[in-house]
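Summary of the model geometry
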Amino acid sequence: MIERMLSLTVNGEARMLAGPTTVAMLLAGLGFDARKVAVERNEAIVPRSTYGETWLSPGDALEIVHFIGGG
Amino acid sequence: MDQRIEPAAADDDGWTVAGRRFRSRLIVGTGKYKDFEQTAAAIEASGAEIVTVAVRRVNLADPGAPMLQDYVDPKRVMYLPNTAGCHTAQEAVRTLRLAREAGGWNLVKLEVLGPPPTLYPDMAATVEAAAALIKDGFEVMVYCADDPVAAKRLEAMGCVAIMPLGAPIGSGLGIQNPAMLSMLIEQTEVPLLVDAGVGTASDAAIAMELGCDAVLLNSAIAMAKDPIRMARAMRLAVEAGREAFLAGRMARRMGADPSSPLTGLIRR
């Protein structure tokens with residue numbers, strides 16, 4: 001059986017995911033609380049309300065950010 | 001009974017930015033602290049209702065690391081996301097769109113900086129980024145040079161607060177050009193804040209005495225030997241400066257004027 005691997009970048013790092021993945025699944029897999037981050041996919045905002053239905057595609061470039069201390 | 005005198009700001013009705021009303025006239029940054037516990041304690045001591053925050057990539061290698069939000073509750077103090085590190089309008093818009101999604105608000109602090117060692121506001125890039133952000137529905141509080149022409153342009157574009165530097169970011173040099181700051185205050189209809197350069201309490205008081213609506217600072221608290229104590233000093237300085245502004249200072253005169261009457265003196 002051939003595994004459908006999904007190759008994409010997250011915060012500039014190359015990642016391989018096993019099979020179809022939504023943004024919600026990716027965040028859970030990485031260990032992040034979806035309520036505390038924001039996600040950009042190919043330079044477009046992914047609204048938090050759509051994490052569960054946004055399926056990732058090969059080659060996607062994702063940015064996952066949060067708030068940190070700043071002036 | 002606690003006979004403590006109420007803080008001077010008791011009869012200050014606060015200030016409004018972009019339709020939001022705030023009682024504290026001190027905005028503090030959340031950077032440069034030893035740890036999140038100290039950050040939270042300093043904010044508490046400062047009385048600030050708004051704190052600036054930066055937007056950065058999460059650390060994929062350490063998803064369990066504590067986050068600012070775990071210590072500083074965005075429901076209790078308002079997060080004002082900044083564009084620190086952005087050098088173009090496009091980067092600023094991308095960053096603040098992410099911030100808007102992370103926090104759900106559109107009030108933001110725009111700063112587009114030139115290179116070290118001055119990190120002076122890049123006004124051409126700032127104007128371009130402000131235009132892009134306003135077009136995208138953001139309410140922009142803008143860090144800028146103490147340049148009355150550029151400040152007027154930013155205000156005319158629709159920026160909701162004008163925030164000139166008192167001195168370079170993180171320098172702690174205080175209000176270096178009070179005359180120009182006074183002129184900026186005079187010409188500006190939206191809130192005018194000093195952002196950057198405050199080094200100690202008297203600097204914040206001077207800014208408020210000149211008539212600023214509020215003061216934004218970070219390093220002066222975070223880099224003090226006792227940040228919590230300096231946070232309290234800043235709260236009191238901003239309140240004192242505001243009260244002095246409202247009271248109206250006495251006229252300066254060249255020469256002495258005795259405080260005690262010269263009549264009724266005993267004579268030999």
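As a reminder, the structure under discussion sits directly above these lines.
Residues numbered from 1 in each chain as written. Chains lettered and ligands numbered in written order. Predicted model: local features only at pLDDT ≥ 70, side-chain atom pairs only at ≥ 80, totals over all residues. Heavy atoms only, no water.

All names here are of chain B. Here helix α4 (residues 123-135) crosses helix α5 (residues 148-157) at 10°, and the two axes come no closer than 10 Å. With respect to their mutual orientation, α4 and α5 come out roughly parallel. Listed contacts from α5 to M123, T126, V127, A130, A131 and I134 of α4 are A150, R153, L154 and M157. Its residues assigned to classes, the contact of α4 with α5 shows eight nonpolar, one polar and one charged. (Axes fitted to C-alpha atoms, helices over the stretch in contact; angles between N-to-C directions. Helix = DSSP H or I, 4+ residues; strand = E, 2+ residues; numbered from the N terminus. Parallel < 35°, antiparallel > 145°, perpendicular 65-115°, else oblique. Contact = heavy atoms within 4.5 Å. Nonpolar A, V, L, I, M, F, W, Y, C, P; charged D, E, K, R; others polar.)

Under the defined criterion, the tally for this structure stands at 17 salt bridges over all chains. Where A:D33 meets A:R35, a salt bridge forms, and the shortest distance between an N and an O atom there is 2.8 Å. Residue class for A:D33 comes out partly exposed when judged on its relative accessible area of 26%. According to the relative accessible area criterion, A:R35 is exposed, its value standing at 60%. Of the charged contacts in the structure, one is a salt bridge between B:R94 and A:E43, with a shortest N-O distance of 3.5 Å. Residue B:R94 is found in helix α3 (residues 89-103), and its partner A:E43 is found in the loop between β3 (38-41) and β4 (44-46); the two belong to separate chains. With relative accessibility at 45%, the residue A:E43 sits in the partly exposed group. (Salt bridge = Lys/Arg side-chain N within 4 Å of Asp/Glu carboxyl O. Buried < 20%, exposed > 50% of the residue type's maximum accessible area, 1.4 Å probe, protein only.)

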